[in-house]
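Inside the fold
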4 protein chains.
Amino acid sequence: MKALVLEKYNEFVLQETDIPELKPGWVLIQVEACGICGSDVHGMDGSTGRRQPPVIMGHEAAGTIHQIASDVMGWNVGDRVTFDSTISCGECFYCKRGDINLCDNRRVLGVSCNEYRQNGAFAEYVAVPSHILYAIPENISFEQAAMIEAVSVAVHAVAISSVQANDTAVVIGCGMIGLLCIQALKATGCGKVIAIDLIDEKLKMAVELGADQTIKSNNPYLIKLVLGETENRGADLVLEVVGIEQTVNLAIDCTRKGGTVTLVGNLSPEVKFSLQKVVTRQLKVQGSCASAGEYPLCLELIASGKIKVDPLISKVAALEEGNEWFHRLYNKEAGLMKVILKP
Amino acid sequence: MKALVLEKYNEFVLQETDIPELKPGWVLIQVEACGICGSDVHGMDGSTGRRQPPVIMGHEAAGTIHQIASDVMGWNVGDRVTFDSTISCGECFYCKRGDINLCDNRRVLGVSCNEYRQNGAFAEYVAVPSHILYAIPENISFEQAAMIEAVSVAVHAVAISSVQANDTAVVIGCGMIGLLCIQALKATGCGKVIAIDLIDEKLKMAVELGADQTIKSNNPYLIKLVLGETENRGADLVLEVVGIEQTVNLAIDCTRKGGTVTLVGNLSPEVKFSLQKVVTRQLKVQGSCASAGEYPLCLELIASGKIKVDPLISKVAALEEGNEWFHRLYNKEAGLMKVILKP
Amino acid sequence: MKALVLEKYNEFVLQETDIPELKPGWVLIQVEACGICGSDVHGMDGSTGRRQPPVIMGHEAAGTIHQIASDVMGWNVGDRVTFDSTISCGECFYCKRGDINLCDNRRVLGVSCNEYRQNGAFAEYVAVPSHILYAIPENISFEQAAMIEAVSVAVHAVAISSVQANDTAVVIGCGMIGLLCIQALKATGCGKVIAIDLIDEKLKMAVELGADQTIKSNNPYLIKLVLGETENRGADLVLEVVGIEQTVNLAIDCTRKGGTVTLVGNLSPEVKFSLQKVVTRQLKVQGSCASAGEYPLCLELIASGKIKVDPLISKVAALEEGNEWFHRLYNKEAGLMKVILKP
Amino acid sequence: MKALVLEKYNEFVLQETDIPELKPGWVLIQVEACGICGSDVHGMDGSTGRRQPPVIMGHEAAGTIHQIASDVMGWNVGDRVTFDSTISCGECFYCKRGDINLCDNRRVLGVSCNEYRQNGAFAEYVAVPSHILYAIPENISFEQAAMIEAVSVAVHAVAISSVQANDTAVVIGCGMIGLLCIQALKATGCGKVIAIDLIDEKLKMAVELGADQTIKSNNPYLIKLVLGETENRGADLVLEVVGIEQTVNLAIDCTRKGGTVTLVGNLSPEVKFSLQKVVTRQLKVQGSCASAGEYPLCLELIASGKIKVDPLISKVAALEEGNEWFHRLYNKEAGLMKVILKP
Ligand SMILES: NC(=O)c1ccc[n+]([C@@H]2O[C@H](COP(=O)([O-])OP(=O)(O)OC[C@H]3O[C@@H](n4cnc5c(N)ncnc54)[C@H](OP(=O)(O)O)[C@@H]3O)[C@@H](O)[C@H]2O)c1
Ligand SMILES: NC(=O)c1ccc[n+]([C@@H]2O[C@H](COP(=O)([O-])OP(=O)(O)OC[C@H]3O[C@@H](n4cnc5c(N)ncnc54)[C@H](OP(=O)(O)O)[C@@H]3O)[C@@H](O)[C@H]2O)c1
Ligand SMILES: NC(=O)c1ccc[n+]([C@@H]2O[C@H](COP(=O)([O-])OP(=O)(O)OC[C@H]3O[C@@H](n4cnc5c(N)ncnc54)[C@H](OP(=O)(O)O)[C@@H]3O)[C@@H](O)[C@H]2O)c1
Ligand SMILES: NC(=O)c1ccc[n+]([C@@H]2O[C@H](COP(=O)([O-])OP(=O)(O)OC[C@H]3O[C@@H](n4cnc5c(N)ncnc54)[C@H](OP(=O)(O)O)[C@@H]3O)[C@@H](O)[C@H]2O)c1
Ligand SMILES: [Zn+2]
Ligand SMILES: [Zn+2]
Ligand SMILES: [Zn+2]
Ligand SMILES: [Zn+2]
């Protein structure tokens, strides 16, 4: 089969490789669309150590079932499916509680690190265990389905934030995940959503996707404006979707006493924050990691139109062009959000 | 009446003052015991700006009802009572939700700041509104009842930490509040409690009050030891009761994926912490501030012996000696925990 | 002032009475609109014992502040306001927890029973304590504001039902409260809402107000149809808003394993239900009573158009016509939902 | 191997049968102890249709691993283990949420019904899939470990009842499960536990195992006594562990406004209850079914002595005597609780 292989750091080559073997409990999927994830882009230069060449990356994919191991029940050749980006073990402390995002033995598709190599979906075929499959509703295209991992990050972050009807939320960072968070909040009955970003274009998109107010993050009256929108209290809930010290502290400052800050962004390893504000204002500051069981809900939200992914897809390109698009993303070309490759 | 007045910063004088006036809805209490709080000690030198002289401090008190405004129902002269350290307004957003610790209009007894002056209980009499009174069970002494504010801080921190039966918890810092947290955890069905402190003496007390394991906080194998006690996962719950950068990060490192860090300590205004650990391990890091409705539960826990306060009372002294004891606490005399003054 | 007085059972007379006295902490409100509640209608014939003549009924009202006791802060003459139907005590076990609907000392406005008489708002003026007032947003009319109690019943029932994004809910009974429940569910991020009633007209209204599917409650395939809409599982959540044995059991049968049945309807004193289904399917069957703190949220939901009350107002009439409208409601005139009287 | 086979209804015969085959993912366990469950006893006469002969019953067992399929990781021959009574599928809607007790495809060990036959543990060997195994701590005997299913029913019922520290609970029915509920409540930080039963002997045991108060269920002042123990409010939480109309209604009457009734008992198919009490007092009445992930916690609670099972074991007998003990249980011999058979 054709596959886009990271031959050495920073160099992808489309080449002929073996079709993956079909183990008991697994299915073989003919890939129709696979998105390039930020972690793939960061990994291509070797800095993360988690994409050691040679490896076929790609964990945001959708396709049709091509072959099924004999012991797999409930699926048929030809079924349109997407799947978890991660293979959870199903047996560890976390899996048994349903916290599959915290699985002790998780393997991410398309990752090659010291512990394991698990080829991914930038190829004609990919093999995955049947327990991570989800059927795609008819009115969702393969490209849309390939957005599900990004959608699930937003939906999970909102799900653990216990939104009450008509709460006011602030979303800091209107990149791809932030824009999905705005939509997930609205789909969850959140009231006013205030979007914050540096760039006007992003804020315009935020409004198109449901934000009620926007503020530039360099506005010197930012906190005052948030207070003005919240009866002088601060927001019930703030989603931080940038991941740097400045915006983490902005998140804390925008939150009302007793409110919740959900941390999605994680660019900076360490940040300084105000311990005394968190304690005396009794804030809940919580990390949100990937997703845990939200895929079916995500598919429903996309199918019902409550979450729109098309505006976030910058480009659908042929697998052949993979090397080029990886490099354009690596160079942070302005305006590029999700790029999807089709084998 | 006699009262211990902060005449100027760092100088308390026992002097004759007027008995407080009795407003509608208020009662006058003959004080039998009043504890010296850390915030009183920090406030005596003017550094916090919240004990501007002249002021009668004191908000951890117990006594008997001496006089009752005509419109107050349900209380009688002679009733043995304690009361909230704080007067909540009952009408703001937070009070209506039961979050009285976050009240927008709270006034702490014994505080004199730019916004208000509210004389406290280092005096023969103190006046408080009836809605903050609690009857003291027969088997609790006035001195024990004066410990209730400290107890309530611990009980509240545990209450918002959603302990599951037999969870493993780590308590970092075995000062007065930490030792109460250990007891509150045990009273809430927590399983193993691991106590961490710098000083052997404190760790000995921790064990006497219910801790199952102890670790010196400078032990180089600390994290390994915690992992060893938790099937290599980390604790379900960590209470940070020191309030400095080192221990906040220790708390984060001791917690299992998906676990909770409750921040009680708040010495350092700001601390640096690992954003990426909090996000990728999906930790919940939450502040805990004072208490919100836990006083009746605290009285029950003291009455039933599940929380022991006697070991935490270092000294019961006469109000006349107030100036001396304030200075001994100010100078951090080793081994001093709670000092209670009796008018 | 003019007031509609229940002179003897079943007979209302418009007469001149004294303006209520203004106690400390209270305000006098010039009534602009007051709805007739089902409990008023049931009470007029003496059967409930809670409307003993002579009494001025009326607890679903809105108006402008006419006079203010000297100790009341934060309100001005002329303010447009609505208020809780019930005066909670603020001091009992339940009030301190924020569960004001369960207050041990609650007094309903317009009720006259063995324990108390509290004249209500079918009059030119009514007196209420300031702590139960809420300002009416500009774009809400007095008549709309007078619907707030009914709205709050629905919003509270949904609030305690912990709706997850895109849950499927069934609402049994599309009378006034049921139609509000449908809207409250949608405003809370609920996914599919299936409405059940006996009458086509009601089901048509249900769809207009947001229901996704409707089923006649005498449809022999009802359960099958619900299963068909829920991947053969049953609904995550069922709201029972009729209150009789048949529909309570229907609610249990429509619910998926581990799901929630919220009981709002309470016509029948006792009903037989399937203990074994509740235990072996691990259902949560919970009562919902009145509301507890949801008034501000209700006003926001009405103001934002997420909850529409106009379709539920059958008639706005002059206070003079009160006797007639009470009797038309008493005789269950078809199609009558809320009737609002204007002094 | 030797096995106790239900040859025809009401007749068990000890006979030689084949050792179960070892499928991929499964282990073979040498049984050391297996308890007789109430459902086995009810099933032996054919009335439930779930023990169709010939079948080897038994799902409350413990033993040592004898053989391991080649693809099973993490277990060794000789390991001391117990296991879930039920094989959950791991793939259905409920399993993915961690609600394995509600699994759509669950198979109970030792059950033979229309859908499946799954031989159980009244035999020298039993085969189970590795994902339901739990290692037995050293200080727990095989007989104690065989009690884990009963323990887990109690621990699960308490776990879903969200006990707050020092809550007052009532347990109605002090049979085997009720006595375990009392202990589970105490282990979870519950305050006062009031035990109710018909028989003095059972109430005496309740006190020995931790109950603070006892009341005979035919005491005409029962409700008054419960109110007297709860500041006239009723209990925060009531566990109903009998399962008949009288005690379900007793449970409702003992509960405070806003409190929780957890239904464990399920003898009567249907019961009449007071709809209006549940609605106007806003009670939460919830079923509790089996357990979902509580086995590790149960083993810890037994190991730590917080839950004592020895007093509930009436007899440990040889497998040869199985037929006799089944019949003595079937005839409800007074004083018999758990009977454990050893192959
Ligand atoms: N927790 C998880 O499971 C998870 C999963 C996926 C991603 N993430 C993290 O989530 C974050 C967002 O991911 P993404 O894919 O949405 O990235 P992205 O598209 O780069 O979005 C980040 C957005 O934040 C904006 N921004 C940068 N600095 C800002 C500031 N000071 N104030 C306001 N906005 C600012 C950026 O504007 P510019 O375009 O001008 O820079 C951009 O619009 C990243 O940290 C990523 O690592 C976490
Ligand atoms: N959130 C709230 O509502 C609230 C209310 C009251 C108090 N507090 C805060 O809670 C904290 C504790 O109060 P407290 O009254 O219990 O104070 P404390 O009696 O001084 O206790 C602090 C304890 O932490 C120990 N400690 C210091 N550095 C440590 C380290 N590196 N590792 C481990 N242990 C260390 C101290 O040991 P040494 O004695 O050797 O220093 C002492 O035993 C303070 O920050 C206080 O401001 C918060
Ligand atoms: N818990 C609380 O705090 C609270 C507060 C207010 C009201 N309530 C209760 O809530 C219930 C509803 O109040 P409401 O004001 O909405 O009354 P309503 O307007 O009379 O509504 C009841 C609706 O249920 C329908 N219905 C009757 N039998 C039915 C059946 N077998 N299947 C399906 N639908 C059926 C009725 O249809 P028809 O018109 O054909 O009869 C009507 O549309 C009442 O029991 C009331 O007492 C409770
Ligand atoms: N939900 C689940 O997952 C689950 C699991 C296992 C069992 N169960 C159910 O739980 C219930 C208890 O099981 P068990 O094994 O503990 O049964 P058990 O040993 O027979 O216990 C029942 C107890 O209730 C007492 N009792 C009977 N009538 C009473 C009354 N009117 N008032 C107070 N006490 C009364 C009985 O006393 P006498 O001995 O005098 O009759 C006996 O002590 C049963 O209904 C069983 O089916 C449920
Ligand atoms: Zn796992
Ligand atoms: Zn307040
Ligand atoms: Zn009250
Ligand atoms: Zn299953």
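Keep in mind it's a predicted model, so treat the numbers as computed, not measured.

A look at the coordination of the zinc ion (ligand 7)
Under perfect tetrahedral coordination by four donors, a metal shows angles of 109.5 degrees; under perfect octahedral coordination by six donors, it shows angles of 90 or 180 degrees. All names here are of chain C. Around the zinc ion (ligand 7), the protein supplies Cys 89 (SG), Cys 92 (SG), Cys 95 (SG) and Cys 103 (SG) as donor atoms, at distances of 2.3 to 2.4 Å. Coordination geometry of the zinc ion (ligand 7): the four donor atoms subtend angles of 103 to 118 degrees at the metal centre, consistent with an arrangement described as tetrahedral. Sequence positions of the donors to the zinc ion (ligand 7) reduce to the motif C-x2-C-x2-C-x7-C. Highlighted residues: Cys 89 in the loop between strand 6 (86-87) and helix 2 (93-96) and Cys 103 in the loop between helix 2 and strand 7 (107-108), separated in sequence by 14 residues.

Concerning the relation of the copies chain D and chain A
Superposition of chain D onto chain A requires a rotation of 180 degrees combined with a translation of 0.0 Å along the rotation axis, giving an RMSD of 0.1 Å. As the rotation angle and translation indicate, the two copies are arranged about a two-fold axis. For chain D, the residue whose C-alpha comes nearest the rotation axis is Gly 98 of chain D, separated from it by 2.6 Å. Interface residue correspondence from chain D to chain A reaches 100%, placing this contact among same-surface, isologous pairings.

Brief notes about empty space enclosed by the protein
Residues and elements named next belong to chain D. Counting across every chain of the model gives one cavity of 30 Å³ or more. As a volume, the largest cavity reaches approximately 140 Å³. In this structure, the largest cavity is lined by 16 residues; those nearest its centre are Asp 84, Ser 85, Thr 86, Arg 106 and Ser 291. With three residues, the top contributor of residues to the lining of the largest cavity is helix 4 (residues 148-159). For the lining of the largest cavity, a count of residues per class yields six nonpolar, seven polar and three charged.

Quick look at the environment of Ala 334 of chain B
You can see Ala 334 of chain B is positioned in the loop between helix 11 (322-330) and strand 21 (338-342). For the pair Ala 334 of chain B and Ala 69 of chain B, spaced 265 residues apart in the sequence, the C-alpha separation amounts to 44 Å.

Examining the interface of chain D and chain A
Between chain D and chain A, the contact holds seven residues from the first and seven residues from the second. For the chain D and chain A pair, buried surface summed over both sides reaches about 540 Å², with 35% attributable to carbon and sulfur atoms. Summed over the shared surface of chain D and chain A, the number is zero salt bridges. Applying the counting rule to chain D against chain A returns two residue pairs in polar contact (both at pLDDT 80 or more). A class-by-class count of the residues in the side of chain D that touches chain A yields one nonpolar, three polar and three charged.

Brief notes about the interface of chain A and chain B
Listed per partner, the contact involves 41 residues of chain A and 41 residues of chain B. Three residues, Lys 257, Leu 275 and Gln 282 of chain A, lead the burial of chain A against chain B; their summed loss comes to 18% of the area buried on that side. At the boundary of chain A with chain B, the tally comes to two salt bridges. Every element with two or more residues in the side of chain A that touches chain B is listed here: helix 2 (93-96), strand 16 (255-263), strand 17 (270-274), helix 9 (275-280) and strand 18 (284-287) of chain A. Of the residues belonging to the side of chain A that touches chain B, the class tally is 18 nonpolar, 14 polar and nine charged. Two strands pair when backbone bridges link them, and strand 17 of chain A and strand 18 (residues 270-274) of chain B are joined in this way by five bridges, in the antiparallel orientation.

Focus: the coordination of the zinc ion (ligand 5)
All names here are of chain A. Within the protein, the zinc ion (ligand 5) binds to Cys 89 (SG), Cys 92 (SG), Cys 95 (SG) and Cys 103 (SG); these donor distances fall in the range 2.2 to 2.4 Å. Of note is the zinc ion (ligand 5), whose four donor atoms meet at the metal with angles of 103 to 118 degrees in an arrangement that counts as tetrahedral. Mapped onto the sequence, the residues coordinating the zinc ion (ligand 5) show the spacing C-x2-C-x2-C-x7-C. On the accessibility criterion, Cys 92 (8% relative accessible area) is buried.

Observations regarding the sheet that holds strand 14 (residues 213-216) of chain A
The twelve strands are arranged 14(A)-13(A)-12(A)-15(A)-16(A)-18(A)-19(B)-17(B)-16(B)-13(B)-14(B)-15(B) in an open sheet whose pairing can be described as mixed. At either end of the open sheet lies a strand with only one pairing partner, and these are strand 14 of chain A together with strand 15 (213-216) of chain B. Sheet twist, expressed as the average angle between the axes of neighbouring strands with direction ignored, equals 15 degrees. Pairing analysis gives four bridges linking strand 13 (residues 169-172) of chain B to strand 14 (residues 193-197) of chain B, with the strands arranged parallel. When the sheet's bridge partners are listed, Ala 169 of chain B is paired in strand 14 of chain B with Val 193 of chain B. Sheet strands in contact with helix 5 (residues 176-187) of chain B are strand 13, strand 14 and strand 16 (235-240) of chain B, and its direction is about 165 degrees off that of strand 13 of chain B.

With respect to the relation of the copies chain A and chain B
For these two chain copies, the linking operation is a rotation about an axis paired with a shift along it. The transformation that overlays chain A on chain B combines an axial shift of 0.0 Å with a rotation of 180 degrees, and the residual RMSD is 0.0 Å. Taken together, the interface assignments show that 100% of the residues at the interface of chain A recur at the interface of chain B, consistent with an identical surface on both copies.

Brief notes about the site of ligand 2
Neighbouring ligand 2 are 23 residues, the closest being Ile 199, Val 242, Asn 266, Ser 288 and Ala 290 of chain B. Looking at the residues close to ligand 2, they fall on chains A and B. Considering ligand 2 on its own, with 920 Å² of exposed area, one finds that the protein chains cover 73% of that surface. Elements represented by at least two residues in the shell around ligand 2 include exactly helix 5 and helix 8 (245-254) of chain B. A breakdown of the residues in the shell around ligand 2 according to their chemical character gives 13 nonpolar, eight polar and two charged.

Things to note about the site of ligand 1
Every one of the 23 residues lining ligand 1 counts as a neighbour, but Ile 199, Val 242, Asn 266, Ser 288 and Ala 290 of chain A are closest to it. Nearby residues around ligand 1 are contributed by chains A and B. Out of a free accessible area of 920 Å², ligand 1 has 72% covered by protein chains. Residue assignment for the shell around ligand 1 shows that the elements contributing at least two residues are helix 5 (176-187) and helix 8 (245-254) of chain A. Class assignment for the residues of the shell around ligand 1 results in 13 nonpolar, eight polar and two charged.

How each quantity is defined
Residues numbered from 1 in each chain as written. Chains lettered and ligands numbered in written order. Predicted model: local features only at pLDDT ≥ 70, side-chain atom pairs only at ≥ 80, totals over all residues. Heavy atoms only, no water. Donors = N, O, S within 2.8 Å, 3.2 Å for Na, K, Ca; no water. Tetrahedral: all angles 85-135°; square planar, octahedral: opposite > 155°, others 65-115°. Helix = DSSP H or I, 4+ residues; strand = E, 2+ residues; numbered from the N terminus. Least-squares fit on C-alpha atoms with pLDDT ≥ 70 in both. Contact = heavy atoms within 4.5 Å. 1 Å grid on protein atoms, 1.4 Å probe; cavity = no way out; pocket = protein on both sides within 12 Å on 5 of 7 lines; lining within 4 Å. Points joined across faces, edges and corners; volume = space filled by probe spheres on them. Nonpolar A, V, L, I, M, F, W, Y, C, P; charged D, E, K, R; others polar. Buried area = accessible area lost by both parts, 1.4 Å probe. Salt bridge = Lys/Arg side-chain N within 4 Å of Asp/Glu carboxyl O. Polar contact = N/O pair within 3.5 Å; in protein donor to acceptor, adjacent residues only side chain to side chain. Pairing = 2+ DSSP bridges. Buried < 20%, exposed > 50% of the residue type's maximum accessible area, 1.4 Å probe, protein only. Axes fitted to C-alpha atoms, helices over the stretch in contact; angles between N-to-C directions. Near = heavy atom within 4 Å. Areas by Shrake-Rupley, 256 points an atom, 1.4 Å probe, with all protein chains shown as cover.

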